[in-house]
Amino acid sequence: MRATGQATGGRPDAAAPAAIELRGISKAFGAVQANRNIDLRVPRGTIHGIIGENGAGKSTLMSILYGFYKPDAGEILVGGKPVTIPDSQAAIRAGIGMVFQHFKLVQNFTVLENIILGAEDGGLLRPSLSKARGVLKKLAAEYQLNVDPDATIDELSVGHQQRVEILKALYRQADILILDEPTGVLTPAEADHLFRILEGLRDEGKTIILITHKLREIMEITDNVSVMRRGEMVASVQTSQTSPEELAELMVGRKVLLNVEKAPARPQAPVLEVRDLTMVDDEGVERLRGISLNIRAGEILGIAGVSGNGQTQLLEILGGYPEKGARVTGEVRMNGRPLPLTGRGCDSGQRRREGVGHIPEDRQVEGLIMDFKAWENVAFGWQDAPEFQRGLLMDNDAIRRDAQAKMERFDVRPRDCHLAARNFSGGNQQKIVVAREIERNPDLLLIGQPTRGVDIGAIEFIHKQIVALRDAGKAILLVSVELDEILSLADRIAVMFDGRIMGERLPSETTTGELGLLMAGVTDTTNIPESAGIPPGQAHVEELPEGSA
Amino acid sequence: MKLREWLTAIIVLAICLTWVAADYAAAMQGINSALRLMPPLLLACLAGLYSERAGVFDIGLEGKMLMSAFTAASVAFLTGNAWLGLIAGIGGAMVLSLVHGLASITFRGNQLISGVAINFLAAGLTVLIGQNAFALGGRTPPLVGEARFQAITLPFAGALRDVPVIGPLYSVLLSGHSALVYVALLAVPITWWVLFRTRFGLRLRAVGENPASVDTAGVSVTRLRYTAVAICGLLTGIAGAYLATGLSAGFVKDMTAGRGFIALAALIFARWQPWQALVATFLFALLEAVAILYPNLTVGAITIPSAFMNALPYILTVIILAGFVGRAIPPRAGGEPYVKER
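A quick note: this is a predicted structure, and the numbers were derived from the prediction, not measured.

**Focus on the overall build of chain B**
Helix and strand counts for chain B stand at 14 helices and 4 strands. Compactness check: chain B gives a C-alpha radius of gyration of 20 Å against a globular reference of 20 Å for 342 residues, within 12% of the reference. The buried share of chain B, reckoned over its 342 residues, is 46%. When contacts within chain B are restricted to residue pairs at least 6 apart in sequence, those whose partners lie at least 24 apart make up 77%.

Structure representation (structure tokens):
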């Protein structure tokens, strides 16, 4: 199945069949179209990047390639021949190897045992182990993949564990290697070593598909790149013909600008002051690298950025529930008083009492309890409020009346507070959360992705509520991956990349292009590479029509 | 084996030796009865080992043994053949294993609840059917002759009897037990070999630690777990049959008397390792034997009541489960049904 005329170094032989080709792949989960009519062609001996935001459908696509899902429609060709991949075994037989974001290793097994697991040669282990030892030695020499074969996995660093995953795939004679967000858990040095390994593999004729949302990696190592957005493949280009800001824009998407009527902000005294906030998660990865920002009463600070660059961690810390095992340092002041960042006093209930409202990024996980009724959800966080008490008991009637009134004011449909949260549409679920947080009149409102998965009508309504809260003299931190939302709502824009604030801009004095560059981690706007200036027509970008949300 | 395990083994051995030196006749009798009392514990412990190593927790060992004891005794009585009884016993335990498998693997139910249900089911069903069939208050009629497993005299036992050390060890202690005692003893090295030297064992251990690793390697998690649960049924089946047709002569209501739970404690004490399981279950059996041998032990002026002596194995169980033996790490994926990610 190996093609003749091996092509290397990103100049594939056009006549040779592609290592892997997808034609019209579609996959829906219920009403959600995770993949829509995907076409992809990956030439042999290249590194192909697939970039897109979380939830763009990258992982679904790769799961289809590895036999976890059956596509609803479409065709997969490996080396020019159509194949069906009903399970992982079939994927392995077709020469596809997968390195998952979360490694599939047995912690108390040795490296050798992990490598032969499922690829043993016979009923007894001894011959398989000694064969694997030999193969491993060869692979280590060939690709700089040195790992102690007798070490158990829990003794290895994350970077070495990843090497074991790569070795597993190579041991199964994979020709096509798919890596899902491989650098998410690596230190920069480990990531660089990984890239050298991948380049070595490509030069040996292997085909590599790299899934990531980090633009820097795409620019640094890939030969070609495809961009996914909301289940669609919106562009496939040669990496040398594109630029970070173009990719950033393709990922985030250009949408019809929603105009929000708002008067100029009249900011007053600072409400939230953040100094040198850093956060290292329990795997040792630095998620926030010295964040400093201010929000004044009566203004909206928008945080733009590709998702996964530390926005979630920032919101969680400010909301009082940092990730388990995370180390947080720095200083956060609210109305001049310091807020505890760890230990006692650092919980979301305490934050609420300090006047912090929070509309979390994922309403279904953090914002609501889906099986609980709307009136219970509206009361959450405030169930101890005096007006909801009747002696030692809760006054459920009072809570229900309160919920019904809030649902009325926020136009939640259907207006039935006895319905479970999961029976409302996405937009109405979000309105329940927004109603709960805004009606408590917080001094500071944290908002994460307020309109993700929300219909147009609800978006407009929610935007108006946010602006009204600002005009009432409250401070608002708005985190959104929708650049248009940031541009139309925020009074100041800070761009986050890789745990840092890359810069602050005023919406009236910036452009999507400039913000796109900042989102891609390019600070010095005078230092744009030549290729960034070429007209879009030359970049072979195929813009597909905008899909519905 | 680690230092801790060696120490346990040496302590158990030392206790036996001191006992032999102090009171030869009583000690030989005690150790001998410990060997007869051990197989149900050892087999149930190994049964739990297969199941839990594959990630399926099983507190229904007790119920499966009880069911097996009943079906084995019934069939042995009706046919007059202990071996047919054994097959029936294995069948009875297998059926309950299948129920546990369906509940916890196929339907991803709670493994503890399924285990509790199996224990109740077995406790009730055995007495109900027993009373209906034999009208002896839930007992089966007493077994005689070929309906019970008879003692086997090992080859050369007579000839070696007078050789010092080896004689008493081989001819008196090891020889003269029923066939199932030897089956239980052989199950230990076989389990070790299967677990650590075969492909099946590697996959079994992997599926209890990280089923996703097995799944992505293209091996069926479901099939592996069912196999493990079936082996668990086989071993508890032998254990139950031995209880009713080897150790006793017929089935009595609740005759397992918590042995399934003691086996679970021994499994934790043994840290899910076969050889350590042998040491742990022998220790429990020894305590049981001592209680039988010395119903009223007198230490100085105090006479220890027999109730306390009988409770010794259970007291040890509590001590072990309370974690006094140090931290034992169970298989990481234990107790969790496997659901594919994404």
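**Some points on the pairing of strand S16 (residues 356–359) of chain A**
All names here are of chain A. Burial of the side chains of S16 extends over both faces: Val 356 and His 358 are buried on one face and Gly 357 and Ile 359 on the other. Two elements, S16 and strand S19 (residues 444–448), share 4 bridges in a ladder whose sense is parallel. Looking at S19, one finds that Ile 359 is bridged to Ile 447.

**So, the environment of B:Thr256**
Residue and element names in this part refer to chain B. Among the secondary structure elements, Thr 256 is positioned in the loop between helix H11 (221–247) and helix H12 (259–269). The sequence separation of Thr 256 and Gly 167 amounts to 89 residues, and the corresponding C-alpha distance is 33 Å. Those residues in contact with Thr 256, other than ones at most four positions away along the chain, are Glu 62, Met 65, Leu 66, Ala 69 and Leu 243.

**Here's the deal with the nonpolar core**
In this structure, A:Leu478, A:Val495, B:Cys45, B:Ala69 and B:Ala266 are the most contacted members of the largest nonpolar core, which totals 241 residues. In terms of residues, this core owes the most to one element, helix H2 (residues 24–53) of chain B, which gives 14 residues. In this structure, A:Leu478 is in contact with A:Ile300, A:Leu301, A:Gly302, A:Ile303, A:Ile447, A:Ile486, A:Leu489 and A:Ala490, ignoring residues within four places of it in sequence.

**A short note on unusual backbone geometry**
Residues and elements named next belong to chain A. In this chain, Arg 413 is followed by Pro 414 through a cis amide linkage whose omega measures -5°. With respect to the helices and strands, the residue Pro 414 is situated in the loop between helix H13 (396–409) and helix H14 (426–438). Backbone geometry places Gln 449, a non-glycine residue, at a positive phi of 45°. The backbone of Asp 498 sits at a positive phi, close to 55°, despite the residue not being glycine. Along the chain, the position of Asp 498 falls in the loop between strand S21 (492–497) and strand S22 (500–505).

**Some points on the confidence of the model for chain B**
This prediction gives chain B a mean pLDDT of 90; 97% of its residues lie at or above 70. In the model output, the complex is listed with pTM 0.74 alongside ipTM 0.88.

**Section: the sheet that holds S16(A)**
All names here are of chain A. Taking strand neighbours across the sheet as the criterion, the 6 strands line up as S16-S19-S20-S13-S21-S22 in an open arrangement whose pairing is mixed. The open sheet has two edge strands, S16 and S22, and neither has a second partner. Pairs of neighbouring strands in the sheet enclose a mean axial angle of 20°, with direction left out of account. As paired elements, S21 and S22 share 5 bridges and run antiparallel to each other. Directly across from Ala 494, in S22, lies its bridge partner Glu 504. Strand contacts of H14: S16 and S19, with the helix running at about 175° to S16, the strand carrying the most contacts.

Each value, and the rule that gives it
- Residues numbered from 1 in each chain as written.
- Chains lettered and ligands numbered in written order.
- Predicted model: local features only at pLDDT ≥ 70, side-chain atom pairs only at ≥ 80, totals over all residues.
- Helix = DSSP H or I, 4+ residues; strand = E, 2+ residues; numbered from the N terminus.
- Rg over C-alpha atoms; globule rule 2.2 N^0.38 Å.
- Buried ≥ 20, exposed ≤ 12 C-beta atoms within 10 Å, placed from the backbone.
- Contact = placed C-beta atoms within 7 Å.
- Pairing = 2+ DSSP bridges.
- Core = buried A, V, L, I, M, F, W, Y, C linked by C-beta atoms within 7 Å.
- pLDDT = per-residue confidence, 0-100.
- Axes fitted to C-alpha atoms, helices over the stretch in contact; angles between N-to-C directions.

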